Amino acid sequence: MADDSTGAFRAGRTGLVVRIPEAEPVVGGWRERFDPSAQAGVPAHVTVLFPFLDESRTDEPVHSALADIVGSHPAFDLRFERCGRFPEVLYLAPDPDTHLRQLTGAITDRWPEAPPYEGRFAEILPHLTVAHGQEEAVMEEIEADLARRLPFASRISSVELMVHDGTKWREHASFALGTDRS
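Residues numbered from 1 in each chain as written. Predicted model: local features only at pLDDT ≥ 70, side-chain atom pairs only at ≥ 80, totals over all residues. Heavy atoms only, no water.

## Some words on the overall build of the chain
- Of regular secondary structure, the chain possesses 5 helices and 8 strands.
- Each helix (α) and strand (β) of the chain, taken in turn from the N terminus, gives the series β-α-α-β-α-β-β-α-β-α-β-β-β.
- Its C-alpha atoms give the chain a radius of gyration of 16 Å, within 12% of the compact-globule value 16 Å for 182 residues.
- With the principal axes as the frame, the chain shows a C-alpha extent of 45 × 40 × 30 Å.
- Among the 182 residues that make up the chain, the fraction classed as buried is 52%.
- Partitioning the intrachain contacts of the chain with sequence separation of at least 6 by distance along the chain shows that 77% fall at a separation of at least 24.
- For the chain, the exposed area adds up to about 8400 Å²; of that, 49% sits on carbon and sulfur atoms.
- For the chain, the distance from the average position of its 18 positive side-chain charges to the average position of its 30 negative side-chain charges is 1 Å. (Helix = DSSP H or I, 4+ residues; strand = E, 2+ residues; numbered from the N terminus. Rg over C-alpha atoms; globule rule 2.2 N^0.38 Å. Buried < 20%, exposed > 50% of the residue type's maximum accessible area, 1.4 Å probe, protein only. Contact = heavy atoms within 4.5 Å. Areas by Shrake-Rupley, 256 points an atom, 1.4 Å probe, with all protein chains shown as cover. Lys, Arg positive; Asp, Glu negative; His and termini not counted. Charge placed at Lys NZ, Arg CZ, Asp CG, Glu CD.)

Structural data, given as structure tokens:
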């Protein structure tokens with residue numbers, strides 16, 4: 001979830017993600033070696049909102065509001081066809097990313113005190129992190145391997161609330177997306 005360092009992984013920190021189980025065979029080995037969030041127990045995912053509220057604030061009214069917000073958005077499909085880069089980060093780009101952006105926007109509208117990545121970035125680009133903080137030669141090797149293994153698709157039907165317990169990230173709750181209206 002956090003692309004900057006494992007310092008963001010403190011007890012009580014939360015994040016909202018969509019799991020991408022279809023990515024595990026493609027990126028799992030790389031993530032285990034080169035993505036701190038994978039090493040901390042986070043499955044292959046695209047972040048919807050990180051950080052979210054501290055765990056101490058995620059009570060029943062917050063869960064109910066999240067269920068309403070997430071449930072008002074239809075389930076959707078994503079394709080992963082290409083890699084992208086941020087400084088020190090190699091990722092897979094979800095396409096289309098419109099639904100992810102809409103979910104992030106709706107949740108941050110409800111909880112403006114929880115801006116994505118604490119407001120550090122002018123634009124938030126949904127992505128599935130594969131590797132972080134590696135030398136260019138390693139990033140190129142990973143990207144070449146991934147290019148041979150893409151594309152793949154994933155059906156997104158829920159948003160997971162993940163909580164860091166001081167050692168690992170764990171799923172705390174799951175919120176179903178609504179039925180597809182297309």
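## Remarks on the pairing of strand β8 (residues 169-176)
- Relative to β8, strand β7 (residues 158-164) is paired through 7 bridges, and the arrangement is antiparallel. Within β8, the residue paired with Met162 across the bridge is Glu171. (Pairing = 2+ DSSP bridges.)

## Considerations on the packing of aromatic side chains
- With the rule as written, the count across this model stands at 7 aromatic pairs.
- Put simply, the rings of Phe50, Tyr117, Phe121 and Trp169 pair up and form one aromatic cluster. (Phe/Tyr/Trp six-rings, centres within 6.5 Å; stacked < 30°, edge-to-face > 60°.)

## A word on the environment of Val62
- Here Val62 lies in helix α3 (residues 60-71).
- Residues within four places of Val62 in sequence aside, it is in contact with Phe52, Leu53, Arg57 and Trp111.

## Comments concerning the sheet that holds β8
- Strand order in the open sheet made by the 4 strands is β2-β1-β7-β8, with antiparallel pairing throughout. Across the chains shown, the open sheet's two edge strands, defined by having one partner strand only, are β2 (45-49) and β8. Ignoring strand direction, the axes of neighbouring strands in this sheet form an average angle of 35°.
- Summarising the sheet, strand β1 (residues 14-19) and β2 pair through 4 bridges and their orientation is antiparallel. Bridge pairing in β2 links Leu16 to Leu49.
- In the packing of α3 onto the sheet, the strands contacted are β1, β7 and β8, and the crossing angle to β8 comes to about 55°. (Axes fitted to C-alpha atoms, helices over the stretch in contact; angles between N-to-C directions.)

## Topic: the sheet that holds strand β5 (residues 128-132)
- Read across the open sheet, the 4 strands follow the order β5-β4-β3-β6; overall the sheet is antiparallel. The open sheet has two edge strands with one neighbour each: β5 and β6 (152-156). Neighbouring strand axes in the sheet, compared pairwise and without regard to direction, differ in orientation by 30° on average.
- Sheet topology places strand β4 (residues 89-95) next to β5; 4 bridges connect them, and they run antiparallel. Across the sheet, residue Leu92 finds its bridge partner in β5, namely Leu128.
- Of the strands in this sheet, β4, β5 and β6 touch helix α1 (residues 24-34), which is tilted by about 45° from β5.

## Topic: the confidence of the model for the chain
- Averaged over every residue, the pLDDT of the chain is 94; residues scoring 70 or more account for 94%.
- In this model residues 2-6 is a low-confidence stretch, pLDDT under 50, and it forms 11 contacts with partners more than four residues away in sequence or in other chains. (pLDDT = per-residue confidence, 0-100.)

## A look at the packing of α1 against helix α5 (residues 136-149)
- In contact at an axis separation of 10 Å, α1 and α5 are set at 165° when each is read in the N-to-C sense. Judged by the angle between their axes, α1 and α5 are roughly antiparallel. Between α1 and α5 lies a crossing of left-handed hand. For the pair α1 and α5, contact is made by Pro25, Val26, Val27, Trp30 and Phe34 and by Val138, Glu141, Ile142, Asp145, Leu146 and Arg149, respectively.
- When its residues are assigned to classes, the contact of α1 with α5 shows 8 nonpolar, no polar and 3 charged. (Parallel < 35°, antiparallel > 145°, perpendicular 65-115°, else oblique. Left-handed = near helix turned anticlockwise from the far one by under 90°. Nonpolar A, V, L, I, M, F, W, Y, C, P; charged D, E, K, R; others polar.)

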